[in-house]
Amino acid sequence: MTQPASVVSDGNVLVLWVPTLLDPDFPTLDELTDPAVLDVTCYLTDAGWNPNVSEDTATDNRLCSRQNFGKPGRRTTSMPLIYVSSPDDPDEDEAALTLVEGATGHFVDRRGVDVDQPIAAGDIVTVYPSELGVQTDSQPTANTPLTVSQMAYLRPPGRS
């Protein structure tokens with residue numbers, strides 16, 4: 001049996017906030033390296049980037065059967081964010097200043113490449129067209145930095 005190779009996630013995930021993409025299915029290198037793009041990777045906590053999908057079940061029952069049937073229904077993508085906050089130095093708090101409530105843009109997720117490697121043509125990315133919800137100060141806990149919690153909502157055309 002062949003055991004497939006694996007890549008540790010530590011230091012191998014890049015997350016960018018990209019305000020504008022002409023076509024989210026085909027982001028260009030120029031769009032992903034535009035000066036307006038914010039690399040939020042080091043702002044996000046290790047639990048602060050967790051896009052996940054839940055799927056409803058569509059019922060497909062038939063009069064002729066004693067069994068209930070189902071099929072895949074609508075999907076909901078949840079994107080809760082948790083990122084560090086520096087209230088003592090707001091000018092250095094780029095994530096909180098950029099990811100404001102109501103902002104629209106795209107989260108771009110690149111995995112499996114060292115975070116220190118600049119994004120390059122041909123990198124495989126997942127794009128999440130998003131609208132941002134309200135920023136909320138997270139509950140302070142001992143021995144942890146102050147953080148902000150925020151929900152990002154998937155918007156049309158959906159995930160690419």
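Refer to the structure presented above.
Engineer: What is the right way to look at the overall build of the chain in this model?
Structural biologist: On a plain count of helices and strands, the chain comes out with two helices and nine strands. Reading the helices (α) and strands (β) of the chain from amino to carboxyl end gives β-α-β-β-β-β-α-β-β-β-β. Expected size for 160 residues packed as a compact globule is a radius of gyration near 15 Å; at 19 Å, the chain overshoots this value by more than 25%. Counting only C-alpha atoms and orienting by the principal axes, one finds that the chain spans roughly 65 × 40 × 40 Å. Every one of the 160 residues in the chain was classed for burial, and the buried ones make up 31%. In the chain, the share of contacts with a sequence separation of at least 24, taken over all contacts with a separation of at least 6, comes to 63%. Carbon and sulfur atoms make up 50% of the accessible area of the chain, which amounts to about 10,700 Å² in all. Averaging the locations of the 9 positively and 24 negatively charged side chains of the chain gives two centres separated by 23 Å.

Engineer: Got a minute to help me understand the nonpolar core in this structure?
Structural biologist: The nonpolar side chains of a soluble globular protein tend to be buried, and buried together. The biggest cluster of nonpolar side chains holds 19 residues, and the ones touching the most others in it are Tyr-83 and Phe-107. Top element by residues in this core is strand β5 (residues 70–84). It accounts for three residues. Here Tyr-83 is in contact with Tyr-43, Leu-44, Thr-45, Ala-95, Ala-96, Leu-99, Gln-135, Leu-146, Thr-147, Val-148 and Gln-150, once residues within four sequence places are set aside. Core analysis: the second largest hydrophobic core is formed by ten residues, Leu-16, Val-37, Val-108 and Val-127 among them.

Engineer: Just to check I follow, could you spell out the pattern of salt bridges for this structure?
Structural biologist: Close approach of charged atoms allows side chains with opposite charge to pair. Under the defined criterion, the tally for this structure stands at five salt bridges. Glu-55 is the partner of Arg-75 in a salt bridge, and the nearest nitrogen-oxygen pair spans 3.2 Å. Of the two residues, Arg-75 is situated in strand β5 and Glu-55 in strand β4 (residues 52–59); the sequence distance between them amounts to 20 residues. The class of Arg-75 is exposed, set by a relative accessible area of 62%. Of the residues examined, Glu-55 reaches a relative accessible area of 44% and is grouped as partly exposed. One salt bridge in this structure joins Asp-60 and Lys-71, with 3.8 Å as the shortest N-O distance.

Engineer: Explain the packing of aromatic side chains to me, please; I cannot follow it from the model alone.
Structural biologist: Here a ring pair, both rings aromatic, is described through the centre-centre distance and the interplanar angle of the planes. Under the defined criterion, the tally for this structure stands at three aromatic pairs. Seen in terms of ring centroids, Trp-49 and Tyr-128 are 5.7 Å apart; in terms of plane orientation they differ by 85 degrees. Their pairing is edge-to-face. One end of the pair, Trp-49, is in strand β3 (residues 44–49); the other, Tyr-128, is in strand β7 (residues 125–132), with 79 residues separating them in the sequence. Of the two residues, Trp-49 and Tyr-128, neither departs from the other in class, the shared state being buried. Taken together, the ring pairs connect Trp-17, Trp-49, Phe-107 and Tyr-128 into an aromatic cluster.

Engineer: Sorry if this is basic, but what is going on with the layout of surface pockets here?
Structural biologist: As a volume, the largest pocket reaches approximately 340 Å³. In terms of lining, the largest pocket is formed by Ser-9, Asp-10, Gly-11, Val-13, Val-15, Thr-41, Leu-44, Thr-45, Asp-46, Trp-49, Arg-111 and Val-115. Taken together, the elements giving at least two residues each to the lining of the largest pocket come down to β1 (13–18) and β3. No other element matches the four residues that β3 contributes to the lining of the largest pocket.

What counts, and at which threshold
- Residues numbered from 1 in each chain as written.
- Predicted model: local features only at pLDDT ≥ 70, side-chain atom pairs only at ≥ 80, totals over all residues.
- Heavy atoms only, no water.
- Helix = DSSP H or I, 4+ residues; strand = E, 2+ residues; numbered from the N terminus.
- Rg over C-alpha atoms; globule rule 2.2 N^0.38 Å.
- Buried < 20%, exposed > 50% of the residue type's maximum accessible area, 1.4 Å probe, protein only.
- Contact = heavy atoms within 4.5 Å.
- Areas by Shrake-Rupley, 256 points an atom, 1.4 Å probe, with all protein chains shown as cover.
- Lys, Arg positive; Asp, Glu negative; His and termini not counted.
- Charge placed at Lys NZ, Arg CZ, Asp CG, Glu CD.
- Core = buried A, V, L, I, M, F, W, Y, C linked by side-chain atoms within 4.5 Å.
- Salt bridge = Lys/Arg side-chain N within 4 Å of Asp/Glu carboxyl O.
- Phe/Tyr/Trp six-rings, centres within 6.5 Å; stacked < 30°, edge-to-face > 60°.
- 1 Å grid on protein atoms, 1.4 Å probe; cavity = no way out; pocket = protein on both sides within 12 Å on 5 of 7 lines; lining within 4 Å.
- Points joined across faces, edges and corners; volume = space filled by probe spheres on them.

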